[in-house]
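Geometric and topological summary
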Amino acid sequence: MNGGGAPSGIGGRTPSSSPLAGSGRASGRGQAHSGIGSSVRRPDGPAKVRGEFSYAGDLAAEGMLIGDTLRSPHPHARITRIDLTAARALPGVHAVLTADDVPGDLHVGLTLRDEPVLADRVVRYAGEPVAVVAAVDAATARRALRAIEVDYEPLPALTDPELARDADPVHPDGNVYRHVAYSCGDPDARGVVTVENTYRIGMQDPAFLAPEAGLAWPTPDGGVALDVATQWLHSDQRQIGWATGLPPEKVHLRLAGVGGAFGGREDVTLQVHACLLALATGRPVKVEYTREESFLAHRQRHPGSIWLRHSADADGRIVSVEGRVLLDGGAYASTSPVVITNTVTLLQGPYRVDNGRFEGWSVRTNNPSCGAMRGFGVPQAAFAHEAQLDALASALGLDPVEIRLRNALQRGDVATFGQRFDAPTPVREVIEGVARLPLPEGPARKAPGGVGRSAEGGTVRRGIGYAVSIKNLAFSEGHVDESTAEVSLCDGHATVHTACAEVGQGFVTVAEQVARTVLGASTVEVTQPDTLVASAGSTSASRQTMASGTAVHRACLAVRDRLLGRLARAHGLDAAELTIADGVVCAAGKPLTSVAAAAPGQTFRATEHFQHPDTFPLGSPEARMYVGFGFSAQRAVVDVDVELGLVTVVQIASCQDVGTVVNPTQLLGQIEGGIVQGMGLALMEEVVVIDGRITNPDLQDYLIPTIVDAPEIVSTYVTDPEPGMPHGWKGVGEPPLVTAVPVVAAAVRAATGLPLPAVPIRPEHIALGIGAPPTVTWTTPRPPDPSRPPGVVVDEEPDAALGTMAEEGAPPGP
């Protein structure tokens, strides 16, 4: 190890079942109540409850150095001089690295390789890494950072996304990450009423409770290993390889304990820095961020503006929709080119729209970089389209539930982007399901504002709102969506190995349930995820049960068939007559032997791969952009002090399309957590950026809901199995958040009578009545032009659509 040892109990390249990932231990619960459909307890749950779970911040190794990062104080500046002499001369400092010390490719990135590992001559956002150090302890590392001399020449900072298209480029790749424009049917068709408004969505932080941390060390073969809290091991491996110049087989990653993610761990932050420092020093190096560093380093939800125009007939049925989106992607691409497509294409909401024109940009600025966050561009769209549905209902004197039922998508309908909804599409069912749930009885348990005389009864108004959402599931537009699983079985003990990052979503439990259901295993061990097995893709997009769960299911089936084949040969039976149920092998329905005793001492192994059917880019003849969809409806009840602008969320009711309930307790946890996180964006969460600098990079000034804020949550489900998926399961993690944002806003609008076109809704928005109302226009109906060609038309001259929309009253383009 050239002066340092590997982390305790960890070989340089040997996978381990240590509790770093919280899942490398066997679980041996009773057979009958631990398969698919059961509320199986998480294997890492007891350690977390007792405070014994090892998170990435707990990593340690003999001879370990501490890494730290020097960050730019400027949102845009030229680096004119860096002097490392004093920092390198400090006792206890083992390495000081800048862009000049990166041995491989300087640039990394999830979609576009546009971000330097360390700033090279120019910094493009406040907090961009300029240099990294490794020292014997944290105090020495901080002294080394202070000793680095950097001269900056400040440059004009582009902080207004509305100006990005026409501004001087702040990056060689330009200021537009992606422009999307398409139409369907006759966008100029009109009903009797048209409503339009511009909606604004703030920047939300993932706010996971455990900041980023990782431990890297050099391996004897000249490579590097890294234990890290991440969402995508193989993406990290690939980007580390680019920067270090190492081939994939010499970059080994393992998942460390993850304290939340929500999209914020999908991009690399400290991963490359830790590995560069480990290779430079020949020692293990640990990097752990402070809370402020965490805010500066990881990606937030895209803030943006959405203009929408809906036209409807006298019965409230949508005749046409036009929309334009502008998302601020910040300084580097991350997933901005993909997020914008989600937002634009799902502006139609879970409603049938035959005629529409849609356009959107994700742009580069000198603001903090934005990327994946739970919902991936769809909460922004849902907030806007649900406000529009309520505006239409108000104009036509319709009940908000009724107008949604009249426009609900059905199986067989075609989306505005051309894809047919060929799987269960239970939009009507989730709306009717949530409407049936009981309303809260009596007054709220606490008044808005909490305690004392902060809210007088005479100024408190109750409001009830409804919202419905559509969320695409899994990857899209041709991005390969796959996973691989290795499963073994010996004497009734099953071992499951994948690279699926367990970030709290509960895959460790799902994998165990699958092994028990298919194999009848008496104990199951889900080993620590690493890069020694093929990729499982990212833990994002509500995809891991569908992708990795299906890979595990296939591998378990292969192992089962090998076990039953062995038994059939031994007993002279037909393998087709053998089945497994509750840990017992049966022949023609009669017990033959237990799984544990079926083949003493023999191990049966299988590795299986799963890949979703191909998807294609917008406008492709195949017209299949997305793997699938999930639908959710919610009802919110709020109490609002209309003078103080304070809000108490009393109850949120939810009905969600879940395919098949795999684990009732975990499903409820996903729904409750998503609702509270969406409520945060609706009412309080916003990263405040002024002149390109985050002004609230801590959990004192960046407010997130606590248990005190959490409302009563009542939940029911629509269980319509998803075709092509084992047990009919589907992803459930994102729809609760997507729907919660518009439903809370709708309830506050109902209580106050205010338009409230921006989230988070601040007290001053309510108390001072801030926010423009929608424009309502009564028109002579104009039916769709039958001569318009059917299908989707992708705009080849994007500015033409923008000009048309601007002439008709949309706000100026970016």
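Structure shown above.
The three strands are arranged β7-β3-β9 in an open sheet whose pairing can be described as antiparallel. Looking at strand neighbours, the two that pair on one side only are β7 (122-123) and β9 (149-154), the edges of this open sheet.

Our next topic: the packing of aromatic side chains. Counted under the stated rule, the structure contains nine aromatic pairs. Relative to Y626, the ring of F417 has its centre 5.4 Å away and its plane inclined at 90°; by these criteria the two rings are edge-to-face. Of this pair, F417 sits in the loop between α9 (400-407) and α10 (427-436) while Y626 sits in strand β27 (residues 626-641), and the two are 209 residues apart along the sequence. Of the residues examined, Y626 reaches a relative accessible area of 0% and is grouped as buried. An aromatic cluster is defined as three or more aromatic residues linked by ring pairs; in this entry it consists of F417, F421, Y626 and F629. Its guanidinium or amino end placed over the ring of Y289, R71 lies 5.0 Å from that ring's centre, counting from NZ or CZ. Just above the ring of F475 sits the side chain of R543; from NZ or CZ to the centre is 4.6 Å.

Another point: empty space enclosed by the protein. Where empty space is left becomes clear once a probe the size of a water molecule has been rolled over the atoms. Applying the stated criterion across every chain yields a total of seven cavities of 30 Å³ or more. What the largest cavity holds in volume is close to 150 Å³. Lining the largest cavity are 14 residues, and of these E115, P129, V268, T269 and H273 sit closest to its centre. When residues of the lining of the largest cavity are traced back to their parent elements, those giving at least two are β6 (115-116) and α5 (271-281). Among the residues forming the lining of the largest cavity, the class breakdown is nine nonpolar, two polar and three charged.

With 95 residues, the main nonpolar core has F417, I431, F629, L683, V744, V748 and I761 as its most contacted residues. It is helix α8 (residues 378-396) that provides the largest number of residues to this core, a total of 11 residues. Non-local contacts of L683, meaning those with residues more than four positions away in its chain, are made with V647, V649, V744, V748, P760 and I761. Counting residues in each nonpolar core, the second largest holds 94 residues, with L59, L118, V272 and C556 among its members.

Using the criterion set out here, one finds 39 salt bridges in the structure. A salt bridge links D354 to R352; the shortest N-O distance between them is 3.1 Å. Its relative accessible area of 40% is what places D354 among the partly exposed residues. Across the salt bridge formed by R404 and D390, the nearest N and O atoms sit 2.9 Å from each other. Here R404, found in helix α9, pairs with D390, found in helix α8; they are 14 residues apart in sequence, far enough to count as distant. Several salt bridges share partner residues, and in doing so they unite D188, R190, E196, R309, E322 and R357 into one network.

Here is what the cut-offs are and how they apply
Residues numbered from 1 in each chain as written. Predicted model: local features only at pLDDT ≥ 70, side-chain atom pairs only at ≥ 80, totals over all residues. Heavy atoms only, no water. Pairing = 2+ DSSP bridges. Helix = DSSP H or I, 4+ residues; strand = E, 2+ residues; numbered from the N terminus. Phe/Tyr/Trp six-rings, centres within 6.5 Å; stacked < 30°, edge-to-face > 60°. Buried < 20%, exposed > 50% of the residue type's maximum accessible area, 1.4 Å probe, protein only. Lys NZ or Arg CZ within 6 Å of the ring centre and 35° of its normal. 1 Å grid on protein atoms, 1.4 Å probe; cavity = no way out; pocket = protein on both sides within 12 Å on 5 of 7 lines; lining within 4 Å. Points joined across faces, edges and corners; volume = space filled by probe spheres on them. Nonpolar A, V, L, I, M, F, W, Y, C, P; charged D, E, K, R; others polar. Core = buried A, V, L, I, M, F, W, Y, C linked by side-chain atoms within 4.5 Å. Contact = heavy atoms within 4.5 Å. Salt bridge = Lys/Arg side-chain N within 4 Å of Asp/Glu carboxyl O.

All quantities given are derived from atomic positions and should not be read as evidence of function.
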